[in-house]
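Residue-level structural notes
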Amino acid sequence: MVQCEQFTTPVDAVIARMRALDAALPAGDGVAVFNRVYLAVTEAVDQRVDSGRFDDARAAITLDVRFAERYLAAVETVTHGRRPPACWRPLFQMRRHPGVRPLQFALAGINAHIGHDLALAVVDTCRTLDCEPAEVEDEYDHVGDLLVSLEERIREELMPGPDLLQIADPLTHLLGAWSLERARDATWTAARALWALRGLPDVAGEFTERLDAAVGLAGRMLLTPLPDR
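Residues numbered from 1 in each chain as written. Predicted model: local features only at pLDDT ≥ 70, side-chain atom pairs only at ≥ 80, totals over all residues. Heavy atoms only, no water.

Here the focus is the overall build of the protein chain. The helix and strand tally for the protein chain stands at ten helices and zero strands. Secondary structure elements of the protein chain, listed N to C terminal, follow the sequence α-α-α-α-α-α-α-α-α-α. Taken across its 229 residues, the protein chain has 51% of its residues classed as buried. Contacts spanning at least 24 positions in sequence make up 79% of the contacts within the protein chain whose residues lie at least 6 apart. (Helix = DSSP H or I, 4+ residues; strand = E, 2+ residues; numbered from the N terminus. Buried < 20%, exposed > 50% of the residue type's maximum accessible area, 1.4 Å probe, protein only. Contact = heavy atoms within 4.5 Å.)

Next comes the structure, spelled out in structure tokens:
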């Protein structure tokens, strides 16, 4: 297991950047909706690290920071007028669409970040710490558990119910087709595959590109504009 003595991390800077985005973006902006969700997750991870709830704090912090950096890089890419990864494009393209509801924005962002960014962040973490994916699996699971609990809270806050109207709402059926638990399991498999392919950069690059496109397609479906309730 990787030791954490005398280890420093830019996690506070990551949180500060998310808080700055939260302050700068209009509340109804789709990226702002996701950013609030992700900020809560990052703060929760930081609190768990501070309270000693991770067996390997260095691995947890490294994974948390590498993970966050990919989202923040996508934001910065769009800010500078460039195209973000395919997984993020639906959220940035639909961020102001009046027919997309806040819950859709939140889950589309989670889909992009879990389905694509997390697999690459695991590989980044293993390279940084010079370790195998199995050595950071516990930290991966802890972060995933936080995301699952947060997703449940998001669904309760942004889509209260259920009642008869809720069951008839097309949003209920749209979101029932996507599961964070399944996405997290698939991402771990993708991360292990990318690590195994690290000596074959052409194949790894093609794998990453296909993963990016597939996650983007799922995000576009999650952001299907819906009629008023």
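Alright, that's what it looks like, and here's the rest.
Right, let's talk about helix H5 (residues 102-129) for a bit. By the largest-angle criterion, Asp 117 marks the main kink of H5, which is about 45°. Where H5 terminates, the next one or two residues include Asp 130, which has phi positive at roughly 55°. (Bend = angle between axes of the 7 residues up to and from the residue.)

Per the stated rule, a full pass over the model turns up eight aromatic pairs. Summarising the aromatic geometry, the rings of Tyr 71 and Trp 88 are spaced 5.5 Å apart at their centres and angled 40° between planes, so their arrangement reads as tilted. Taken together, the positions of Tyr 71 in helix H3 (residues 57-79) and Trp 88 in the loop between H3 and helix H4 (89-94) put the pair 17 residues apart, joining distant regions of the chain. Residue classification places Trp 88 among the buried residues on the basis of a relative accessible area of 1%. Members of the aromatic cluster, connected to one another through ring pairs, are Phe 34, Tyr 38, Phe 67, Tyr 71, Trp 88 and Phe 92. Above the plane of the ring of Trp 195 lies Arg 198, whose end atom (NZ or CZ) is 4.1 Å from the centre. (Phe/Tyr/Trp six-rings, centres within 6.5 Å; stacked < 30°, edge-to-face > 60°. Lys NZ or Arg CZ within 6 Å of the ring centre and 35° of its normal.)

Quick look at the packing of H5 against helix H10 (residues 201-222) now. Helix-helix packing is characterised by the crossing angle of the two axes and by the distance between the axes. Running from amino to carboxyl end, H5 crosses H10 at an angle of 170°, the nearest separation of the two axes being 9 Å. The pairing of H5 with H10 is recorded here as roughly antiparallel in orientation. Facing Gln 104, Leu 107, Ala 108, Asn 111, Ala 112, Gly 115, His 116, Ala 119 and Leu 120 of H5, the residues of H10 in contact are Thr 208, Leu 211, Asp 212, Val 215, Ala 218, Gly 219 and Leu 222. Broken down by class, the residue content of the contact of H5 with H10 amounts to nine nonpolar, six polar and one charged. (Axes fitted to C-alpha atoms, helices over the stretch in contact; angles between N-to-C directions. Parallel < 35°, antiparallel > 145°, perpendicular 65-115°, else oblique. Nonpolar A, V, L, I, M, F, W, Y, C, P; charged D, E, K, R; others polar.)

A cluster of acidic residues, Asp 55, Glu 137, Asp 138, Asp 141 and Asp 185, forms a negative patch at the surface. With three residues, the top contributor of residues to the negative patch is helix H6 (residues 137-158). Considering the arrangement of structural elements, one finds Glu 137 in helix H6. (Patch = residues over 30% accessible without salt bridge, like charges linked within 9 Å, V, L, I, M, F, W, Y side chains within 5 Å. Areas by Shrake-Rupley, 256 points an atom, 1.4 Å probe, with all protein chains shown as cover. Salt bridge = Lys/Arg side-chain N within 4 Å of Asp/Glu carboxyl O. Lys, Arg positive; Asp, Glu negative; His and termini not counted. Charge placed at Lys NZ, Arg CZ, Asp CG, Glu CD.)

Let us now look at the side chain of Arg 95. Tracing the backbone shows Arg 95 in the loop between H4 and H5. A relative accessible area of 12% means that Arg 95 is categorised as buried. Discounting residues that sit within four places of it in the chain, Arg 95 has contacts with Leu 25, Gly 28, Asp 29, Gly 30, Val 31, Val 78 and Phe 105.

A separate point is H3. Its 23 residues give H3 an end-to-end C-alpha distance of 32 Å, which sits within 8% of 33 Å, the value for a rise of 1.5 Å per residue. Gly 81 sits one or two positions beyond H3 and adopts a positive phi of about 80°. (Expected span 1.5 Å × (residues − 1).)

As a further point, take the nonpolar core. Within the largest apolar cluster, 77 residues are counted, with the highest numbers of intra-cluster contacts made by Tyr 38, Tyr 71, Trp 88, Ile 110 and Val 122. With 16 residues, the single largest contributor to this core is H5. (Core = buried A, V, L, I, M, F, W, Y, C linked by side-chain atoms within 4.5 Å.)

Okay, the confidence of the model for the protein chain next. In this model, the protein chain carries an average pLDDT of 87, and 88% of its residues clear a pLDDT of 70 or more. By mean pLDDT, helix H7 (residues 164-168) is the weakest element of the protein chain at 53, and H4 is the strongest at 98. Note that residues 1-8 has pLDDT below 50 and, in this model, 14 contacts with residues that lie over four places away or in other chains. (pLDDT = per-residue confidence, 0-100.)

To continue, consider the environment of Val 122. Relative to the helices and strands, Val 122 resides in helix H5. Judged by relative accessible area, Val 122 falls into the buried class, the value being 1%. When the C-alpha positions of Val 122 and Phe 67 are compared, they lie 7.9 Å apart, and in sequence the two are 55 residues distant. Setting aside residues no more than four positions away along its own chain, Val 122 makes contact with Leu 63, Val 136, Tyr 140, Trp 188 and Ala 191.

With that out of the way, let us pick up unusual backbone geometry. Leave glycine aside and you will find that most residues have negative phi; peptide bonds, for their part, are mostly trans. The phi dihedral of Asp 130 is positive, around 55°, even though this residue is not glycine. Residue classification places Asp 130 among the exposed positions, given a relative accessible area of 72%.

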